[in-house]
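# Analysis of the macromolecular model
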Amino acid sequence: MTAPPTATYELTDLDLLEAEAVHIVREVAATIERPGLLFSGGKDSVVMLHLAAKAFWPAPIPFPVMHVDTGHNFDEVIAFRDRTVARLGLRLVVASVQDDIDAGRVVEDLSPRASRNRLQIVTLLRGIRENAFGAVFGGARRDEEKARAKERVFSFRDEFGQWDPRNQRPELWHLYNGRHRKGENIRVFPLSNWTELDIWNYVAREGIELPSLYYAHERQVISRDGMLLADTRFLRRIDGEAPFPARVRFRTIGDATCTGCVESAAATAADVVAEVAAARLTERGATRADDRISEAGMEDRKKEGYF
């Protein structure tokens, strides 16, 4: 008598990345008090939220989401954020940069090339402190930028919110150390090992809704420093800059004053997958003006408390 054939199932790379991220989310929820998830409405935070929903389904996500609101957001992203929060029944915490400007905790630079991106550091740290978050999930990936490539999945921050790239905890065999004292916290990056192409393949596979800005659309733009910037009400034009129409999409979404777009005809997730597969620059390297300040711009901001 012969044994019945054994069923086999081969996991894809996306399956493995999903399983790793779900494990990380559950590990934080089980071992660290009062976690929160940063949710901006950008593609990485949307995928991270989707994974968190999978991690606890059919139960609801057991922690709040926090948006660090610069006040210079794209209208489409804020509408998407609110729609998603309502659909999933989430508790939304909004930490406002404008509140910190009004209170005198930060001073806004009003020059044409300035953005509120760096001001987010104070607002982020205040939001973490006021909500007593022991851990905060972020959607950063190692392929985005060289400073982020240095960071662990569980990234320790001291009582001042600072990150020391030379003082990181080992993560052998996917074992994570979330221990911290009162006032300290852990930044957690479930998407660390994902790439931009992985994100888009996963969006296509799972049918995940994203803000419409991620797909090709017509809009008025200006050209500045080799980038196309959306001509929004937040942008301060420099003499000689004139808006013109273009068919574009955004590879990453942040403060509207420093987030560039690229000319594109990619109208679906499958189209974007093909486009990203041929790209030779990361989305931040190609479309984020705030990362062009210096070679160590991102690392300097991270040391001060940025994600």
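Details of the structure are given in the entry above.
Nothing here was measured: the structure is a model prediction, and the numbers come from that model.

## Focus on the overall build of the chain
- Within the chain, the secondary structure is distributed over 10 helices and 10 strands.
- Within the chain, the fraction of its 307 residues that count as buried is 53%.
- Residue pairs at least 24 apart in sequence account for 72% of intrachain contacts in the chain once pairs closer than 6 positions are excluded.
- A total of about 14,800 Å² of accessible surface is found on the chain, and carbon and sulfur atoms cover 54% of it.

## Examining the packing of aromatic side chains
- Under the defined criterion, the tally for this structure stands at 7 aromatic pairs.
- Between Trp200 and Tyr214, the ring centres sit 6.0 Å apart and the planes meet at 70°, which makes this aromatic pair edge-to-face. Residue Trp200 is located in helix H7 (residues 196-206), and its partner Tyr214 is located in the loop between H7 and strand S7 (217-224); the two are separated by 14 residues in the primary sequence. Of the two residues, Trp200 and Tyr214, both sit in the buried class.

## Side note on the sheet that holds strand S9 (residues 244-249)
- The 4 strands lie next to each other as S7-S8-S10-S9, forming a closed barrel whose pairing is antiparallel. Between one strand axis and the next, the sheet turns through 70° on average, direction left out of account.
- The pairing of strand S8 (residues 227-230) with strand S10 (residues 260-263) spans 2 bridges and is antiparallel. In the sheet register, Leu229 faces S10, and the bridge partner there is Gly260.

What counts as what
- Residues numbered from 1 in each chain as written.
- Predicted model: local features only at pLDDT ≥ 70, side-chain atom pairs only at ≥ 80, totals over all residues.
- Heavy atoms only, no water.
- Helix = DSSP H or I, 4+ residues; strand = E, 2+ residues; numbered from the N terminus.
- Buried < 20%, exposed > 50% of the residue type's maximum accessible area, 1.4 Å probe, protein only.
- Contact = heavy atoms within 4.5 Å.
- Areas by Shrake-Rupley, 256 points an atom, 1.4 Å probe, with all protein chains shown as cover.
- Phe/Tyr/Trp six-rings, centres within 6.5 Å; stacked < 30°, edge-to-face > 60°.
- Pairing = 2+ DSSP bridges.
- Axes fitted to C-alpha atoms, helices over the stretch in contact; angles between N-to-C directions.

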